[in-house]
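A structural walkthrough
For reference, the chains in residue letters:
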Amino acid sequence: MAHAHTPDANIYYVPHSSRWPFLGSIGLFTTMIGVASWLNEVSWGKPTFFVGIAFLVAVLFGWFGDVIRESVRGHYNKQVDVSFRMGMVWFIFSEVMFFAAFFGALFYARQFALPWLGGDGDGVMTNALLWPDFSAAWPSSGPAGVGGSYETIPAWGLPLLNTLILLTSGSTVTAAHHALKGGHRKSLLFWLGITVLLGCTFLFFQAEEYIHAYTELNLTLGSGIYGSTFFMLTGFHGLHVTLGTLMLAIIWFRCLKGHFDKDNHFAFEAVAWYWHFVDVVWLGLFLFVYVL
């Protein structure tokens, strides 16, 4: 991050008391109460959820605003920079574990649950007595045919296009990083802007894919184990792309205002790390959800 002056490297910055953690906990509590009530069809659940989300957005806006102001005023030194880097590494690790849980569910359903229900190994009597007509073929909505019949989305259409878009965006954000380290302001803004546009394009095509799945293919979140794992994986990835695109857009405006220089720009690096993580997750999704 850019500094107005260089603080003593041996003095760790101690932030002033902040109201944001307390307000953030209120926002999270309100959001969770809202979504739980909404899922249980309580009338006030949906508006409460959106109130909580709006409150959280306001808290994050204020909280990150304080951090940015502290950074550009030169309050942070190398020790703080290291702590920011460690925090981002652990955050991305937690995201890796988050997606590992859903990939694990997909793997378990395909490699263990379906063959067992189809009569493989110890499941022979389960198949013979409960589901004699069930064939353990993937994709499947399960032995009860939950959600009815559906069609899958071909890998070589929009999914392939979105893969190329995300891979290209990984290259453009890297080009922007090199431009920042080289002090080339115009190239930085150009390549970073292209990355934001590519992120928006990916989300547009993802929305088109979802509309096509729901309206024409009868592929929904309720389409058995295939539908649930498909939409959980692609949906949460789309949420992460949305978050990453917003962060890239904010970094673009910060670059426009001159908040970074070639030596101090961790905020840019953190967002670039996150964006590359999103790219890698999508490659796994494309391979294991669409292709195989």
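Source: prediction; values computed, not measured.

**Observations regarding the overall build of the protein**
Of regular secondary structure, the protein possesses eight helices and zero strands. The secondary structure elements of the protein, listed N-terminal to C-terminal, are α-α-α-α-α-α-α-α. Summarising its shape, the C-alpha atoms of the protein cover approximately 75 × 40 × 35 Å along the three principal directions. Residues classed as buried in the protein amount to 39% of the 292 residues present. For the protein, the proportion of contacts with a sequence separation of at least 24, taken over those separated by at least 6, is 74%. As presented, the protein carries roughly 16200 Å² of accessible surface, and 71% of it is formed by carbon and sulfur atoms.

**Observations regarding the nonpolar core**
Residues Leu-192, Leu-219, Phe-230, Ile-251, Cys-255, Phe-268 and Tyr-290 are the most contacted members of the largest nonpolar core, which totals 47 residues. Among the elements of the structure, helix 3 (78–117), helix 5 (158–181), helix 6 (185–216), helix 7 (224–256) and helix 8 (266–291) are those that each provide at least two residues to this core. When residues of this core are assigned to their parent elements, the largest contribution, 16 residues, is made by helix 8. Setting aside its immediate chain neighbours within four residues, Cys-255 contacts Arg-185, Leu-188, Leu-189, Leu-192, Phe-260 and Phe-268.

**Let's talk about the UniProt feature "transmembrane region" (unreviewed entry) in the protein**
UniProt tags residues 20–38, 50–68, 89–109, 156–176, 188–205, 225–253 and 273–291 as "transmembrane region" (unreviewed entry). Along residues 50–68 the backbone is 100% helical and 0% strand, and the end-to-end C-alpha distance reaches 27 Å. Secondary structure content for residues 225–253 is 100% helix and 0% strand, while the C-alpha to C-alpha distance between its ends is 42 Å.

**Side note on helix 2 (residues 45–72)**
With 28 residues, helix 2 ought to run about 40 Å at 1.5 Å a step, and its terminal C-alpha atoms sit 41 Å apart, in line with that. Buried within helix 2 we find Gly-45, Thr-48, Phe-49, Gly-52, Leu-56, Val-59, Gly-62, Gly-65, Asp-66, Glu-70 and Ser-71. Where the residues of helix 2 are buried, they touch helix 1 (20–39) and helix 7.

**Observations regarding unusual backbone geometry**
Phi is positive for Glu-41, which is not a glycine, with a value near 60°. For Glu-41, a relative accessible area of 74% corresponds to the exposed category. In the Ramachandran plot, Asn-218 falls in the positive-phi region, its phi being about 55° despite a non-glycine side chain. Among the structural elements, Asn-218 can be located in the loop between helix 6 and helix 7. Take Asn-218: its relative accessible area is 36%, and that puts it in the partly exposed class.

**Describing helix 7**
With 33 residues, helix 7 extends 48 Å from end C-alpha to end C-alpha; this agrees with the ideal 48 Å at 1.5 Å per step. At the exit of helix 7 stands Gly-258, carrying a positive phi of roughly 80°.

**Some points on the packing of helix 3 against helix 8**
Running from amino to carboxyl end, helix 3 crosses helix 8 at an angle of 10°, the nearest separation of the two axes being 11 Å. By the angle class used here, helix 3 and helix 8 are roughly parallel. Within the contact of helix 3 with helix 8, the residues separate by chemical class into 18 nonpolar, one polar and five charged.

Parameters at a glance
Counting starts from 1 at the beginning of each chain's written sequence and moves along it residue by residue. At least 70 in pLDDT is required for a residue's local features to be given in this predicted model, at least 80 for side-chain atom pairs to be given and counted, and no such filter applies to totals for whole chains, interfaces and linings, which use all residues. Derived side-chain values reflect all non-hydrogen atoms in the structure, with water molecules and hydrogen atoms excluded from consideration. The secondary structure listing takes helices from DSSP runs of H or I that are at least 4 residues long and strands from runs of E that are at least 2 residues long, numbered from the N terminus. Burial status follows relative accessibility: with a 1.4 Å probe on protein chains alone, a residue under 20% of its type maximum counts as buried, one over 50% as exposed, and anything between as partly exposed. Contact between two residues is taken to exist if any of their heavy atoms lie within 4.5 Å; hydrogens are not considered. Computed with a 1.4 Å probe, the accessible areas rest on the Shrake-Rupley method; for each residue, only the protein chains presented here act as cover. Definition used in this section: a nonpolar core is a set of buried Ala, Val, Leu, Ile, Met, Phe, Trp, Tyr and Cys residues joined via side-chain atoms within 4.5 Å. UniProt positions are given in the numbering used here, feature names are shortened, and annotations may be inferred rather than shown by experiment. The length a helix should cover is 1.5 Å for every residue beyond the first. Throughout, an axis means a line fitted to C-alpha atoms (over the contacting stretch in the case of helices), and angles, computed between N-to-C directions, take values from 0 to 180 degrees. We call two directions roughly parallel when the angle between them is under 35 degrees, roughly antiparallel when it is over 145, roughly perpendicular when it lies between 65 and 115, and oblique otherwise. Here the term charged refers only to Asp, Glu, Lys and Arg, the term nonpolar to Ala, Val, Leu, Ile, Met, Phe, Trp, Tyr, Cys and Pro, and the term polar to all other amino acids, Gly among them.

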